[in-house]
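Next come the chains, spelled out residue by residue.
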Amino acid sequence: MATYTATVTWKRGDQSFLDRKYSRAHEIRFDGGTVVPGSSSPHVVRLPLSREDAADPEEMLVASLSMCHMLFFLDFASRAGFVIDSYVDAATGEMGKNAEGRIAMTKATLKPAIVWSGEKRPSAADVAALHHKSHHECYIANSF
């Protein structure tokens, strides 16, 4: 199997720490060199101690689920002979209490809008089957 890395770096700088009024802003560096600004969610730690313009862990979880599903969907559609011109997913995630009463991401909803082209077009049943197969194979969905 493979190993994936991400380096998360936070630095206190000259901020106080014990009063808990420090910035939660940090950076996430991926193995290919991409750097993404990160922060706690402003829903969890209020501004200005978090950054609204940075990716938070909850958003990253929803995005990774959406990306994984999309990448499998694109591959399976291509193998089936269907041409996709665009795939846009306005995915959402909801926090709530899980069965043990702990706060968790309890629901994720993918809402892909797909533009098809080419001579061979999928039926509604074909699209449903592609989504089902993509969900079944998605590594992120299989992790929970």
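Here is what the cut-offs are and how they apply
- Residues numbered from 1 in each chain as written.
- Predicted model: local features only at pLDDT ≥ 70, side-chain atom pairs only at ≥ 80, totals over all residues.
- Heavy atoms only, no water.
- Helix = DSSP H or I, 4+ residues; strand = E, 2+ residues; numbered from the N terminus.
- Rg over C-alpha atoms; globule rule 2.2 N^0.38 Å.
- Contact = heavy atoms within 4.5 Å.
- Areas by Shrake-Rupley, 256 points an atom, 1.4 Å probe, with all protein chains shown as cover.
- Core = buried A, V, L, I, M, F, W, Y, C linked by side-chain atoms within 4.5 Å.
- Buried < 20%, exposed > 50% of the residue type's maximum accessible area, 1.4 Å probe, protein only.

Participant: How would you explain the overall build of the protein chain if you had to name every residue and give the values?
Facilitator: Secondary structure assignment for the protein chain yields 2 helices and 7 strands. In the protein chain, the order of α-helices and β-strands from amino to carboxyl end is β-β-β-α-β-β-β-β-α. Relative to the 2.2 N^0.38 estimate, which gives 15 Å for 144 residues, the radius of gyration of the protein chain is 19 Å and therefore markedly larger than a compact globule would have. A principal-axis box enclosing the C-alpha atoms of the protein chain has dimensions of 60 × 40 × 30 Å. Of the contacts formed within the protein chain by residues at least 6 apart in sequence, a portion of 41% connects residues at least 24 apart. Working note: accessible area of the protein chain is about 10,200 Å², and carbon and sulfur atoms make up 56% of it.

Participant: Got a sec to walk through the nonpolar core? Specific residues and values, please.
Facilitator: Among the nonpolar cores identified, the biggest contains 14 residues, and Phe73, Trp116, Leu130 and Cys138 are the most heavily contacted of them. Elements with a contribution of two residues or more to this core: α1 (57-79), β7 (112-117) and α2 (124-137). With 6 residues, α1 is the largest single contributor of residues to this core.

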